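# Analysis of the macromolecular model
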Amino acid sequence: MNEPLVARMREFGTTIFSEMTALAVRTGSINLGQGFPDTDGPAAMLESAVAAIRAGVNQYPPGPGLPELRQAVAEHHKQHYGLLYEPDGEILVTVGATEALAASILALCEAGDEVILFEPYYDSYAAAVALAGAVRRPVALRPVEGRFTFDPGELRAAVGPRTRAILVNSPHNPTGTVFTRDELSLIAALCQEHDLLAITDEVYEHLTFDGVEHVPMATLPGMRERTVMISSAGKTFSVTGWKTGWVCAPAPLVSAVQSVKQFVTFTSGGPWQIAVAHALREELDWVAGLRDSLAVKRDRLMTGLSAAGFGVYRPAGTYFVQTDIRPLGFTDGAELARRLPELAGVVAVPTQVFYDRTALGRHFLRFAFCKKDEIIDEAVARLARLRPS
């Protein structure tokens, strides 16, 4: 039998997250690879989901999502960003941000269209572009004075006659960069000059540190009408397993995305939607506490990684610390990631898998700090074995 998988998807095997998590389980290692917290979200939010189940919210919700959640998202965006979206027609509830991104790319990009991505990028981006038959155009984020950023000339050069969209992830996974207003304004100017869409992944919107501001692309002049704004509850409220996200955009763009989404999952779980609506209205003080605790965990892990001999970049947001393995005498992150359980009893993710041009990221490893303090401390103690003598 011939290869059953369609040609455009053959470069995508098992995700690195599945591989590294399986490696952690098989070796009994501490898993600092996959970005999920090991504590629950706010208790009242969890009880809201339980109450919804017991109240019979167990059948199909409406395809666009429950009105309660769409209204709560609209209120959230108005309160925090001054963005006005109509709950009916401009907000679509999705099965997490991953589905929102995939449905947006499938709906808005024709075969042969080009999508600009900032590499390293979350791995589902490349797969979604491939599913659409579109073409990736990577622009590198490189360390400059301790943070990852892009070269404006490289970004301009990536725009061509077939460019359809720029996919912007800020706060950025895996580098921890939060794009500045100036960086976003440069992207916005290119979108307007070349009539491009901006598809924005903002799932870490509330998890920025050191007073760094998250600026949604849609708030910039001229960008609301050409931005597909995507976020979710998973990271904000520590419920990554609920897979509850949303798209906010002008009605024609939302309608296009829903036309695809309805044939993928149709809708997402009603109890989670009820609970997330509660959380957006009532639990953002809890989120502020989460942000503060994550900043402490970040510093805790960074201190340990530095002591172990890694080169460490200070993230301004997300769950992740990016490290350079070369000070330890290693040059291949994928090789080290697969040896790390044997060497130190810890699992991390090799950043090179998030690049088209893998050589650019070969010397980086990503570690997650969204874990209990005692887990971070034990991981740091184990990683100290790598320290050059």
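Residues numbered from 1 in each chain as written. Predicted model: local features only at pLDDT ≥ 70, side-chain atom pairs only at ≥ 80, totals over all residues. Heavy atoms only, no water.

The name given to the protein in an unreviewed UniProt entry is Pyridoxal phosphate-dependent aminotransferase, and the organism recorded there is Sphaerisporangium dianthi.

Before going further, it helps to examine helix H7 (residues 181-194). Across its 14 residues, H7 extends 20 Å between first and last C-alpha, which sits within 8% of the 20 Å expected from 1.5 Å per residue. Among the residues of H7, Glu 183, Leu 184, Ile 187, Ala 188, Leu 190 and Cys 191 are the ones counted as buried. Looking down the long axis of H7, one finds its buried residues gathered within 160° of arc, a one-sided arrangement. Of the exposed residues in H7, the ones pointing more than 90 degrees away from its buried face are Asp 182 and Glu 193. Looking at the buried positions of H7, the neighbouring elements they touch are strand S3 (114-119), strand S5 (147-150), helix H6 (152-158), strand S6 (163-169) and strand S7 (197-201). Looking one or two places after H7, you find Asp 195, whose phi comes out positive at around 55°. (Helix = DSSP H or I, 4+ residues; strand = E, 2+ residues; numbered from the N terminus. Expected span 1.5 Å × (residues − 1). Buried < 20%, exposed > 50% of the residue type's maximum accessible area, 1.4 Å probe, protein only. Arc of directions from axis to C-beta. Contact = heavy atoms within 4.5 Å.)

With that out of the way, let us pick up the side chain of Asn 169. Residue placement: Asn 169 occurs in strand S6. At a separation of 3.0 Å, a polar atom in the side chain of Asn 169 contacts the main-chain amide nitrogen of Asn 173. Within the local environment of Asn 169, its side chain forms a polar contact with the backbone oxygen of Asp 201, the two atoms lying 3.0 Å apart. Excluding residues that lie within four positions of it along the chain, Asn 169 makes contacts with Tyr 125, Phe 179 and Asp 201. (Polar contact = N/O pair within 3.5 Å; in protein donor to acceptor, adjacent residues only side chain to side chain.)

With respect to topology, eight strands assemble into an open sheet ordered S2-S9-S8-S7-S6-S3-S4-S5, the strand pairing being mixed. Each having just a single partner strand, strand S2 (91-94) and S5 make up the two edges of the open sheet. On average, each strand axis in the sheet is tilted by 25° relative to the strand beside it, whichever way the strands run. In terms of strand pairing, S6 meets S7 through five bridges, oriented parallel. In the strand pairing of S7, Leu 167 is matched with Ile 199. Sheet strands touched by H7: S3, S5, S6 and S7. Its angle to S5, the strand with the most contacts, is close to 20°. Of the strands in this sheet, S2, S7, strand S8 (227-232) and strand S9 (245-248) touch helix H8 (residues 251-261), which is tilted by about 25° from S2. (Pairing = 2+ DSSP bridges. Axes fitted to C-alpha atoms, helices over the stretch in contact; angles between N-to-C directions.)

On to the side chain of Thr 323. Structurally, Thr 323 is set in strand S11 (residues 320-324). Ignoring any residue separated from it by four or fewer positions in sequence, one finds Thr 323 in contact with Leu 305, Phe 310, Gly 311, Val 312, His 363, Phe 364, Leu 365 and Phe 367.

Attention shifts here to the nonpolar core. Core analysis: the biggest nonpolar cluster contains 71 residues, and Val 247, Leu 301, Phe 310, Leu 340, Leu 365, Phe 367 and Leu 383 have the highest contact counts within it. Among the elements that take part in this core, helix H10 (residues 284-308) stands out by supplying seven residues, more than any other. In this structure, Leu 340 is in contact with Gly 345, Val 346, Ala 348, Leu 365, Phe 367, Leu 383 and Leu 386, ignoring residues within four places of it in sequence. (Core = buried A, V, L, I, M, F, W, Y, C linked by side-chain atoms within 4.5 Å.)

Once that is clear, we can look at the pairing of S6. Along S6, six of the seven residues are buried, which leaves the element largely enclosed by surrounding structure. Relative to S6, S3 is paired through four bridges, and the arrangement is parallel. Residue pairing in the sheet places Glu 114 in a bridge with Thr 163 of S6. Read as a crossover between parallel neighbours, the route from S6 over H7 to S7 is right-handed. (Right-handed = clockwise from strand over helix to strand, strands pointing away.)

Glycine aside, a negative phi is what most residues show, and trans is what most peptide bonds show. In this structure, Pro 171 follows Ser 170 across a cis peptide bond, with omega equal to -10°. You can see Pro 171 is positioned in the loop between S6 and H7. Asn 173 connects to Pro 174 through a cis peptide bond whose omega is 20°. The phi dihedral of Lys 243 is positive, around 50°, even though this residue is not glycine. On the secondary structure map, Lys 243 appears in the loop between S8 and S9. Non-glycine residue Thr 318 carries a positive phi angle of around 80°. Among the secondary structure elements, Thr 318 is positioned in the loop between strand S10 (311-313) and S11.

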